[in-house]
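Structural features, examined
Chain by chain, the residues run as shown.
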Number of protein chains: 2
Amino acid sequence: MAKEKKKLRLVEPPADAETRIHDDHHLSVRLWLRMLACTNRIENVVRQNLQARFATTLPRFDLMAQLERAPQGLRMSELSQRMMVTGGNVTGITDGLEKEGLVVREVDPADRRVFYVKLSTEGQRQFRRMAAEHEQWVIELFDGISVKHKNQLVELLGEVKQHVR
Amino acid sequence: MAKEKKKLRLVEPPADAETRIHDDHHLSVRLWLRMLACTNRIENVVRQNLQARFATTLPRFDLMAQLERAPQGLRMSELSQRMMVTGGNVTGITDGLEKEGLVVREVDPADRRVFYVKLSTEGQRQFRRMAAEHEQWVIELFDGISVKHKNQLVELLGEVKQHVR
């Protein structure tokens, strides 16, 4: 059962996800680890900035972003599905935001067993302020990449997204 | 202070990170949300497969992957830095893996206050079995993308990685 082939061939000090790349790794694994490394770096910058500027976390920001996009409100199950980052307990985050008056839970008039979560007016205001800065951080992070290369990446990643569906 | 500009223009039912894209969003934000959407989809498949096939989690797999790449062992601080996924408490994961005999903690003979974490022989064996399957999943996930496009992506993401450094 155990693979006998020795896979460890150290070439340089490891630094991130790509440290997992061995010479015989398939191109797809190389691509995946590079995607992960890039996403992880940008995510870390965004996390640090959210903490430093707004004393908030990425899962909280992500949850508010999903609600901003759904002014009609979302059920908890829909909200969980749409979250883009892990590491957050959706119920716990919602409770916290509700306590701070940034989101509200509303009963569905058509089915009183169902709750919808929405941004409060204050939540909308706070989110827009964060989103505007977030946009600036991202623009700065990708500043060194040409428009041509960014467009190519958007297109190629669109293909990836379609295939992974 | 509050932004007056109305940003909500719903065009289709939202499904993932890209639901945050508004017409006036900068190309960089579009690119970032697409990267996040792709990474998230692939990560979810990998998480589900790790759970179904090995009853393990992505942070555990990630931690073991970092240790496999560092046969000399890693301090806890180094290990934390190298982790590619969030949502895991490195000390907690290490404790769990140690209890199962998959990692060992060793005292640095040069400085007895310092501990190194290493994969045990059994940990190496288990990791290699998981890594071989993981490689297959990733190959399958990217199966529909041409080698040319994969190479383009590796190159363009390399540029991103450099700039975000």
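Report follows, based on the coordinates. (Residues numbered from 1 in each chain as written. Chains lettered and ligands numbered in written order. Predicted model: local features only at pLDDT ≥ 70, side-chain atom pairs only at ≥ 80, totals over all residues.)

**Quick word on the overall build of chain A**
Of the regular secondary structure elements, chain A holds 6 helices and 2 strands. Along chain A, from the amino end to the carboxyl end, the secondary structure elements read α-α-α-α-β-β-α-α. Counting over 165 residues, chain A shows a buried share of 33%. In chain A, 40% of the contacts between residues at least 6 apart in sequence involve partners at least 24 apart. (Helix = DSSP H or I, 4+ residues; strand = E, 2+ residues; numbered from the N terminus. Buried ≥ 20, exposed ≤ 12 C-beta atoms within 10 Å, placed from the backbone. Contact = placed C-beta atoms within 7 Å.)

**A short note on the relation of the copies chain A and chain B**
If you rotate chain A by 180 degrees and push it 0.0 Å along the axis, it lands on chain B with an RMSD of 0.0 Å. The operation mapping one copy onto its partner corresponds to a two-fold rotation axis. Here 98% of the interface residues in chain A have copies in chain B that are interface residues too; the copies meet face to matching face. (Least-squares fit on C-alpha atoms with pLDDT ≥ 70 in both.)

**A closer look at the environment of P109 of chain A**
Residues and elements named next belong to chain A. Looking at the element boundaries, P109 is found in the loop between β1 (103-108) and β2 (111-119). For P109, a count of 7 C-beta atoms within 10 Å corresponds to the exposed category. When the C-alpha positions of P109 and R47 are compared, they lie 37 Å apart, and in sequence the two are 62 residues distant.

**Some remarks on the pairing of strand β2 (residues 111-119) of chain B**
Pairing of strand β1 (residues 103-108) of chain B with β2 of chain B involves 6 bridges; the strand directions are antiparallel. Paired with D108 of chain B across the bridge in β2 of chain B is D111 of chain B. (Pairing = 2+ DSSP bridges.)

**Let's talk about unusual backbone geometry**
Residue and element names in this part refer to chain A. At A55, a residue that is not glycine, the phi angle is positive and equals roughly 50 degrees. Among the secondary structure elements, A55 is positioned in the loop between α1 (27-54) and α2 (58-68). Classification of A55 as exposed rests on a count of 7 C-beta atoms within 10 Å.

**Some points on the interface of chain A and chain B**
Across the boundary between the two partners, chain A contributes 57 residues, which contact 57 residues of chain B. Only α1, α5 (121-141) and α6 (147-164) of chain A provide two or more residues apiece to the side of chain A that touches chain B. Classifying every residue of the side of chain A that touches chain B by side-chain character gives 31 nonpolar, 12 polar and 14 charged. (Nonpolar A, V, L, I, M, F, W, Y, C, P; charged D, E, K, R; others polar.)

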